[in-house]
Amino acid sequence: MSYVINNGPRPVAPATRERVLAAIKELGYRPDRVAQAMASRRTDLIGMIVPDARQPFFAELAHAVEQAAAERGKMVLVGNSDYRTEREIHYLRAFLGMRVSGLILVSQGMSEQAASEIEAWDARVVLLHERPEAIDDVAVVTDDIDGAKLAVRHLLEHGHAYVACLGGIPNTPAVGDPVADHEEGWRQAMLEAGLSIEGRLFQAPYNRYDAYQVALKLLSGPDRPPAIFCSTDDQAFGVLRAARELRIEVPTELAVAGFDDVKEAALTDPPLTTVSSDRPAMARAAVDLVLDDGLRVAGSRRERLKLFPSTLVVRRSCGCGE
């Protein structure tokens, strides 16, 4: 019976398979997943840790991973680190203690302690969206630098004197973090255009609520920028709200672009120009990598990086279509 239920490891004759399936249906048999996990020391679960599933990008990313895992007969457990090391370690220990089949981590600036936990358990790990320096494992990421350059160049092509950047929080890791790469892409695009970046990078939390407060102060000041590139769409939503309250017309008085292309970006007023990546394909790649040993080949840090391209999604907040 186990060869039929588990579809292997040895083949079963079609006639035998049909008889077993008929018996299973008649008896109402259900496999004991706990017993199976004890025997294999693995469950049908994948653990996923994200910074904050309330943010649209992470919610959509987790949903894409859940769908990809379901295609492989796995379920996903999601934990929120809240950008806190102790919460990340809590979920690492909890998921590894559950004998999950693997871990998919969206970790901002993973600590040495968290990396040590993973090494001690010899866990299957795939990094998704971010690649912290503390752990050198297989990673699935977006070309964040190139994507940011696409957005900033596009804003400059509209004739703006310069583009300000809403970047990350003060302790944003300099390497392996998408927001740091967005800042670097903005920096490169500005310098390539011969423009100064001095005093034009503003720190802001990643969510719309705190970004809104930062934008209120920035847009009501004497040196209001003509265009703003936001490191996340959620930040851009906060900027659009602040502009509306201050009666600043977007895009005629202020151009705005974001990064992530969450679904809500198409519904803002005006619709948000942003940068997109193929999240479903990235999710499938992460699930395949965490489950298939054959795909987890050893190699240099660059060879263990699966890089997905970024695409500019042009809507009206940048000035197009006006």
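Quick notes on the rules
- Residues numbered from 1 in each chain as written.
- Predicted model: local features only at pLDDT ≥ 70, side-chain atom pairs only at ≥ 80, totals over all residues.
- Heavy atoms only, no water.
- Helix = DSSP H or I, 4+ residues; strand = E, 2+ residues; numbered from the N terminus.
- Buried < 20%, exposed > 50% of the residue type's maximum accessible area, 1.4 Å probe, protein only.
- Contact = heavy atoms within 4.5 Å.
- Areas by Shrake-Rupley, 256 points an atom, 1.4 Å probe, with all protein chains shown as cover.
- Salt bridge = Lys/Arg side-chain N within 4 Å of Asp/Glu carboxyl O.
- Expected span 1.5 Å × (residues − 1).
- Polar contact = N/O pair within 3.5 Å; in protein donor to acceptor, adjacent residues only side chain to side chain.
- Axes fitted to C-alpha atoms, helices over the stretch in contact; angles between N-to-C directions.
- Parallel < 35°, antiparallel > 145°, perpendicular 65-115°, else oblique.
- Left-handed = near helix turned anticlockwise from the far one by under 90°.
- Nonpolar A, V, L, I, M, F, W, Y, C, P; charged D, E, K, R; others polar.

As annotated in an unreviewed UniProt entry, the protein chain carries the name Putative HTH-type transcriptional regulator and comes from Streptomyces gardneri.

Enquirer: Can you walk me through the overall build of the protein chain in this structure?
Expert: Across its full length, the protein chain holds 11 helices and 12 strands. Burial statistics for the protein chain: of 322 residues in total, 50% are counted as buried. Pairs at least 24 residues apart make up 70% of the contacts formed inside the protein chain by residues separated by at least 6 positions. For the protein chain, the accessible surface area stands at approximately 15,800 Å², while carbon and sulfur atoms represent 50% of it.

Enquirer: Explanation requested: the pattern of salt bridges in the structure shown.
Expert: Close approach of charged atoms allows side chains of opposite charge to pair. Taken as a whole and assessed by the stated rule, the structure comprises 14 salt bridges. Note that Asp288 is salt-bridged to Arg72, the shortest N-O span being 2.8 Å. Within this pair, whereas Asp288 is found in helix 11 (residues 279-291), its partner Arg72 is found in the loop between helix 4 (56-71) and strand 2 (75-80), the two being separated by 216 residues in sequence. Ionic pairing is found between Arg241 and Glu245, a salt bridge with its closest N-O pair at 3.1 Å. Here Glu245 and Arg241 lie together in helix 10 (residues 233-245), a separation of 4 residues that amounts to about one turn. Shared partners join several salt bridges into a network, and the residues in it are Arg72, Asp288 and Asp292.

Enquirer: Hey, could you run me through helix 11 in this one?
Expert: Since the α-helix packs 3.6 residues into each turn, any two residues three or four apart lie on the same face. Between its first and last C-alpha atoms helix 11 spans 18 Å; for 13 residues at 1.5 Å apiece the expected length is 18 Å, and the two agree. Among the 13 residues of helix 11, 10 are classified as buried, and the element is accordingly described as predominantly covered. Listing the buried residues of helix 11 in full gives Arg279, Ala281, Met282, Ala283, Ala285, Ala286, Val287, Leu289, Val290 and Leu291. Its buried side turned inward, helix 11 meets strand 1 (45-50), helix 4, strand 3 (102-105), strand 4 (125-128), strand 5 (138-142) and strand 11 (305-308). Its side-chain oxygen at 3.2 Å from the backbone nitrogen of Ala281, Asp278 defines the N-terminal cap of helix 11.

Enquirer: Please explain the packing of helix 9 (residues 208-219) against helix 10 as it appears in this structure.
Expert: Packed helices, taken two at a time, are described by their axes: the angle between them and the distance between them. Across the interface, helix 9 lies against helix 10 with an axial gap of 7 Å and an inter-helix angle of 45°. As summarised for this structure, helix 9 and helix 10 are arranged oblique, according to the angle between their axes. When the axes of helix 9 and helix 10 are compared, the crossing they make is right-handed. Contacts from Arg208, Ala211, Tyr212, Ala215, Leu216 and Leu219 in helix 9 reach Asp234, Gln235, Phe237, Gly238, Val239, Arg241, Ala242, Ala243 and Glu245 in helix 10. Taken together, the residues of the contact of helix 9 with helix 10 break down into 9 nonpolar, 2 polar and 4 charged.

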